[in-house]
2 protein chains.
Amino acid sequence: MPKTDIARRVHNHTWKLDPIIRSLLDTDFYKILMLQMIWGLYPKVEATFSLINRTKRVRLADEIDIDQLRAQLDYARGLRFSKKEMIWLAGNSFYGSKQIFEPGFLNWLENFRLPEYRLEKRDGQFELEFYGLWMETSMWEIPALAIINELRSRAAMKRYGPFTLDVLYARAKAKMWEKVERLQKLPDLKISDFGTRRRHSFLWQRWCVEALKEGIGENFTGTSNVKLAMDNDLEALGTNAHELPMVLAALATTESSLKAAPYQVLQDWESYYGGNLKIVLPDAFGTAAFLRDAPDWVADWTGFRPDSAPAIAGGERIIEWWRQHGRDPREKLLIFSDGLDVDMIEAAYLHFDGKVRMAFGWGTNLTNDFEGCAPDHNPGLDPISIVIKVSKANGRPAVKLSDNPAKATGDPSEIDRYIRIFGNLDRAEHPVKV
Amino acid sequence: MPKTDIARRVHNHTWKLDPIIRSLLDTDFYKILMLQMIWGLYPKVEATFSLINRTKRVRLADEIDIDQLRAQLDYARGLRFSKKEMIWLAGNSFYGSKQIFEPGFLNWLENFRLPEYRLEKRDGQFELEFYGLWMETSMWEIPALAIINELRSRAAMKRYGPFTLDVLYARAKAKMWEKVERLQKLPDLKISDFGTRRRHSFLWQRWCVEALKEGIGENFTGTSNVKLAMDNDLEALGTNAHELPMVLAALATTESSLKAAPYQVLQDWESYYGGNLKIVLPDAFGTAAFLRDAPDWVADWTGFRPDSAPAIAGGERIIEWWRQHGRDPREKLLIFSDGLDVDMIEAAYLHFDGKVRMAFGWGTNLTNDFEGCAPDHNPGLDPISIVIKVSKANGRPAVKLSDNPAKATGDPSEIDRYIRIFGNLDRAEHPVKV
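Residues numbered from 1 in each chain as written. Chains lettered and ligands numbered in written order. Predicted model: local features only at pLDDT ≥ 70, side-chain atom pairs only at ≥ 80, totals over all residues. Heavy atoms only, no water.

- With an unreviewed UniProt entry as reference, chain A is termed Nicotinate phosphoribosyltransferase, source organism Devosia algicola.
- Turning to chain A, the UniProt annotation filed under Function (unreviewed entry) states: "Catalyzes the synthesis of beta-nicotinate D-ribonucleotide from nicotinate and 5-phospho-D-ribose 1-phosphate at the expense of ATP."
- The annotation that UniProt attaches to chain A under Catalytic activity (unreviewed entry) is "5-phospho-alpha-D-ribose 1-diphosphate + nicotinate + ATP + H2O = nicotinate beta-D-ribonucleotide + ADP + phosphate + diphosphate". (UniProt positions renumbered as here; feature names shortened; annotations may be inferred.)

Put into structure tokens, the structure is as follows:
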């Protein structure tokens, strides 16, 4: 039997590209849920998404070769949903429901391709924009972020030989397993992988997902990554994102329709999804403003995902609001997903145990934690805070205020206008690590 | 390109045996050095080697299947030195000298095979004996120990799935690399691998050797494992073992020839080897007795390997003896090889730095340290103290006193007789971990 597969060896040293995104399902599930709604209700809206590097000190365009980035983006543009993937989307149950995707949407999705982009270098950073119909540009967010993050990891590890890489990943695995062992001590934990966008690499995310599946069994409730969910027979998880209220707010032509936008989103959503998919993301223009102005029916939704306030304070505020509205928090669900690490998961778990149903969406600290794993100090392996946010809708500027001003996006004068309208209550700056 | 090599897959699930010893060079270098001397000077002496499990609580025959053990021993008996191996032994330099092996010896070695053995189960332990000519039986020590230790590791890991094994080895690698990083802080360290006999497995020993080569560069002076030395272009290291004084003492028919045996060994050795190979192993019948009765010329030898006394105390005793004999210890070499871990290496290094040349032969704690690496408490992965010692020479009982009575071997009445002759000076019991 040959020791070396000659064909494979030749392939290995002649290949042009090691594609990062190899499937359109290698994205977050919420993008597909939102996509159906956008396709159904806002098919003619145009939306531009823009890359924002909040970690200014990292000069992305110095670390990553622009031609490689272009090659990876172009490769992703060549992808279509495969037959098997379409069948799985059509035939699988999501959140306990069959056929959550309409036949018309699936027909349209079959021919979906990622749209054009504009990429330039400026002052050591990339200007990267996706423009066109919202129902096309929206789908770039996750693959583009995953591509940039993985290209950055690859660049950071370029100087390492095979042995160093072996030790690096051995340490990362050992480190990850320490976390798994800590999570094993939380008997009723519900946690899932939300780490696609900021992952170190696809293969490493896959390993982390397998580690959670092996290590905490049923307490690992699934992954936001649709491809990993399909491949590993896990639940695909996720609901909706800030782009919905951001676009609807940008389209609003009056102050009252702007103030109504966050609730319009919920009504739109309800026309498509029910049950555990009815999760409110309250912080697009400040959670306090959202709760203050919310109609009572919002308290009938299944849960909230406080995404930019500290977990315990943010959760308590929502529990208090449920109580004011006469709802029993023990029947409600809080989903924590903002910058979690094991310390925060443990603290929130212990704090809220018995008070409310809760679930954790674990992101960057799950899929991109290589601190202390490299043989030398290698800041290129530290995760950074990059996002791809909707910046314009039908030519009008889009804004996110967030509970944390450090996470606000949009033109400063527009931000000021939104603050005048929604107020600035309880918004407080916290450092954004990732 | 096929994803699965069908032939390999079929091979994988039909193979009969995963051989542990695949080359007669997969042994310690000192066995081959001693073998040439035995072949030259004692070709007709018969010697029996016996397995001794000093870790009584471990019932080896319950952990290891006797048929598998037999299959591995039989496989090793089928091995011959390959052409490439013979050429390397003949053509390589060892300790800076070319052609340290005589053509006659090499001719004989070409046809060498491991001799018969006797294997039985008794009270949960194995009775394993190698009998025949000393120049044949001597060669069983290392492969037989390596086989038993690796079969024990395999049995301990049988219940683990692929993911658990992945984490186990990731942790072991991370742990090993912590040690490497500590050793990197000792600028003039000379350390080598002496871990063949107690290794977790061949592949793991190879990884550890590669880790040291990668991690500490020139400070890693080589390995006792001849095959790993050849494959990795490292120095093959090692000098001589207790079997030499033990056999010569067993053959002695008078009290004076018995007392002279340890020095006879040195004269025999000198007729074959010089330079850095002239390392005294003083503790077979107690170091104090050895030093007390040693002729002055022993102080001309290059160095000592104190093998059963605590490193610092044992080293100091020999330095003192060199001083008494008017030799400058700074020109002498101490080789530490008894149960070393990084703490002990650091302590001895700092203690002796500038006082004497020193080198470390790192064994079990290098190649078989999986403490804390398994997901559960798995005592089957803790190394145990098994040895294969010469028990008879030409039918007469062989004895080792050692500086540590816990490491003494031989018939109790014979041990008493040796103690009457050599004395019991400075012998002190220390727990033997490995």
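**Focus on the sheet that holds strand β6 (residues 191-193) of chain A**
Residue and element names in this part refer to chain A.
Turning to step 1, where the next piece is worked out: Spatial ordering of the open sheet is given by β7-β6-β11-β10-β9-β8, a layout of six strands whose pairing is parallel. Where the open sheet ends on each side, the last strands, each with one partner, are β7 (220-223) and β8 (279-280).
Turning to step 2, where the next piece is worked out: Bridge count between β6 and strand β11 (residues 357-362): three bridges; the pairing is parallel. The residue of β11 that forms the bridge with D193 is W362.
Turning to step 3, where the next piece is worked out: Sitting on the sheet, helix α15 (residues 311-324) is in contact with β9 (303-304) and β10 (333-336), with an inclination near 160° to β10. (Pairing = 2+ DSSP bridges. Helix = DSSP H or I, 4+ residues; strand = E, 2+ residues; numbered from the N terminus. Contact = heavy atoms within 4.5 Å. Axes fitted to C-alpha atoms, helices over the stretch in contact; angles between N-to-C directions.)

**Considering the interface of chain A and chain B**
Turning to step 1, where the next piece is worked out: Each partner contributes residues to the interface: chain A has 22 residues there, and chain B has 22 residues.
Turning to step 2, where the next piece is worked out: Linking chain A with chain B are six salt bridges.
Turning to step 3, where the next piece is worked out: Its salt-bridge partner being D166 of chain B, residue K173 of chain A comes within 2.9 Å of it at the nearest N-O pair.
Turning to step 4, where the next piece is worked out: Applying the counting rule to chain A against chain B returns eight residue pairs in polar contact (both at pLDDT 80 or more).
Turning to step 5, where the next piece is worked out: Residue assignment for the side of chain A that touches chain B shows that the elements contributing at least two residues are α1 (6-14), α9 (162-183) and α10 (202-216) of chain A.
Turning to step 6, where the next piece is worked out: The biggest single contributor to the side of chain A that touches chain B is α9 of chain A, with 11 residues. (Salt bridge = Lys/Arg side-chain N within 4 Å of Asp/Glu carboxyl O. Polar contact = N/O pair within 3.5 Å; in protein donor to acceptor, adjacent residues only side chain to side chain.)

**Observations concerning the packing of aromatic side chains**
Turning to step 1, where the next piece is worked out: This model, assessed by the stated rule, comprises 56 aromatic pairs over all chains.
Turning to step 2, where the next piece is worked out: When the centroid spacing of 5.6 Å and the interplanar angle of 45° are considered together, the rings of W177 of chain A and F163 of chain B count as tilted. Separated into two different chains, W177 of chain A in helix α9 and F163 of chain B in helix α9 (residues 162-183) make up a pair that spans both. Per residue, the accessibility class of W177 of chain A equals that of F163 of chain B, and both read buried. (Phe/Tyr/Trp six-rings, centres within 6.5 Å; stacked < 30°, edge-to-face > 60°. Buried < 20%, exposed > 50% of the residue type's maximum accessible area, 1.4 Å probe, protein only.)

**Some remarks on helix α5 (residues 83-91) of chain B**
Residues and elements named next belong to chain B.
Turning to step 1, where the next piece is worked out: Along α5, the residues that are buried comprise E85, M86, W88 and L89. Across the axial projection of α5, the buried residues extend over an arc of 160°, all falling on one side. Pointing more than 90 degrees away from the buried face of α5 are the exposed residues K83, K84 and I87.
Turning to step 2, where the next piece is worked out: In the core, the buried residues of α5 are packed alongside β2 (93-94), α6 (103-110) and α11 (226-232). (Arc of directions from axis to C-beta.)

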